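Structural overview for review
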Amino acid sequence: MNVDRALYKRPAARARNRGPPADGLLTSRMSRDPVPSAEPLSGPALHEAKRAVRERILAARDALPAADRDEGSRAIAARIAALPPYARARCVLLTVSFRSEWDTRALIDAALAAGKVVALPRVNGATRMLDLHAVADVARETTPGYRGIPEPRPEQPRVDLAAVDFVLVPGVAFDPTGRRLGYGGGYYDRLLALLAPEAARIAGAFELQLVPQVPAAPHDLFVDAIVTPVRMVPGARGVPSAA
């Protein structure tokens, strides 16, 4: 990957019409018609419900045997890499896995080998937003950052939000509608609202991270699909499975 040290932006000549969605994926957008919760929660009740689910799923994920984690990570990476929205993307926003998350290194390596611009997020404490930086060598160009999570070094070239075609969305738990339960900082909720509407929002997760219903507020955002080691779970509004 050859990225100018200046801000990476979407190529001006690039066509915005990406054609019909492949495999039934991406017919839903996070900003359109959120599916209402069967039991709406708010205030302290919502906060406690999120805390309980987060605590339970993180404990289960932490307990996953290393062999199962490695095998599952390889399968998730392969399934995501085979998705048409990922294959046609020029600039992908990925994450470096942390603690018991599925290992994203194979997907990052594949994206770099394919000549894609790989952006990684860096927490901006002053703005409470995520700044995006391009990397070509994860080992050399990242460092432990917010909460010890690997982040790109600040001198790495910045990436314009409008340039991102594909987002790998991290999270603790997900449900069949595409609702996501994050780690509680709200960074991705704020970031996703600013990205181009056509940018694919895809989550990778172990099967144990899927729950019947994620406690959520009406303004909480959705992912387009959740990819596990064995299947793809489309988001809300009846998108057919391509798994």
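What you see is a predicted model, and the numbers here were worked out from it, not measured in a lab.

Some remarks on the sheet that holds strand 3 (residues 129-135)
Read across the sheet, 7 strands follow the order 3-2-1-6-9-10-11 without closing on themselves; strand pairing throughout is mixed. In this open sheet, the two strands that pair with only one neighbour each are strand 3 and strand 11 (232-234). Neighbour-to-neighbour, the strand axes of this sheet turn through a mean angle of 25°, independent of strand direction. One ladder, built from 3 bridges, connects strand 6 (residues 166-168) with strand 9 (residues 200-204); its direction is parallel. Residue pairing across strands places Leu168 opposite Ile202, the latter belonging to strand 9. Sheet strands touched by helix 4 (residues 105-113): strand 1 (91-93), strand 2 (117-124), strand 3 and strand 6. Its angle to strand 2, the strand with the most contacts, is close to 130°.

Some thoughts on helix 2 (residues 66-81)
The first and last C-alpha atoms of helix 2 sit 22 Å apart over 16 residues, in line with the 22 Å expected at 1.5 Å per residue. Buried within helix 2 are the following residues: Arg69, Gly72, Ser73, Ile76, Ala77 and Ile80. The arc enclosing the buried residues of helix 2, seen along the axis, measures out at 135°, which places them on a common side. Exposed side of helix 2, more than 90 degrees from the buried face: Ala67, Glu71 and Arg74 are the residues found there.

Observations regarding the pairing of strand 9
Most of strand 9 sits out of view: 5 of its 5 residues are buried. Across the two faces of strand 9 the burial is the same, with Ala200, Ile202 and Gly204 and Arg201 and Ala203 all buried.

Here's the deal with the confidence of the model for the protein chain
Counting all residues, the mean pLDDT for the protein chain is 85, and 81% of those residues have values of 70 or more. Note that residues 13-38 has pLDDT below 50 and, in this model, 61 contacts with residues that lie over four places away or in other chains. Scored below 50 in pLDDT, residues 237-243 makes 20 contacts in the model with residues more than four places away or belonging to other chains.

Focus: the nonpolar core
Grouped together as the largest cluster of nonpolar side chains are 27 residues, with contacts concentrated most on Ile80, Val92, Leu94, Trp102, Leu107, Val118 and Phe166. Contributing elements (two or more residues each) for this core: helix 2, helix 4, strand 2, strand 6, strand 9 and strand 10 (225-227). If sequence neighbours within four positions are ignored, Trp102 has contacts with Ser73, Ile76, Ala77, Ile80, Ser97, Leu107, Leu168, Gly204, Ala205 and Phe206. By size, the runner-up hydrophobic cluster in this structure holds 26 residues, among which are Tyr187, Tyr188, Leu191 and Val223.

Conventions and cut-offs
- Residues numbered from 1 in each chain as written.
- Predicted model: local features only at pLDDT ≥ 70, side-chain atom pairs only at ≥ 80, totals over all residues.
- Heavy atoms only, no water.
- Pairing = 2+ DSSP bridges.
- Helix = DSSP H or I, 4+ residues; strand = E, 2+ residues; numbered from the N terminus.
- Axes fitted to C-alpha atoms, helices over the stretch in contact; angles between N-to-C directions.
- Contact = heavy atoms within 4.5 Å.
- Expected span 1.5 Å × (residues − 1).
- Buried < 20%, exposed > 50% of the residue type's maximum accessible area, 1.4 Å probe, protein only.
- Arc of directions from axis to C-beta.
- pLDDT = per-residue confidence, 0-100.
- Core = buried A, V, L, I, M, F, W, Y, C linked by side-chain atoms within 4.5 Å.

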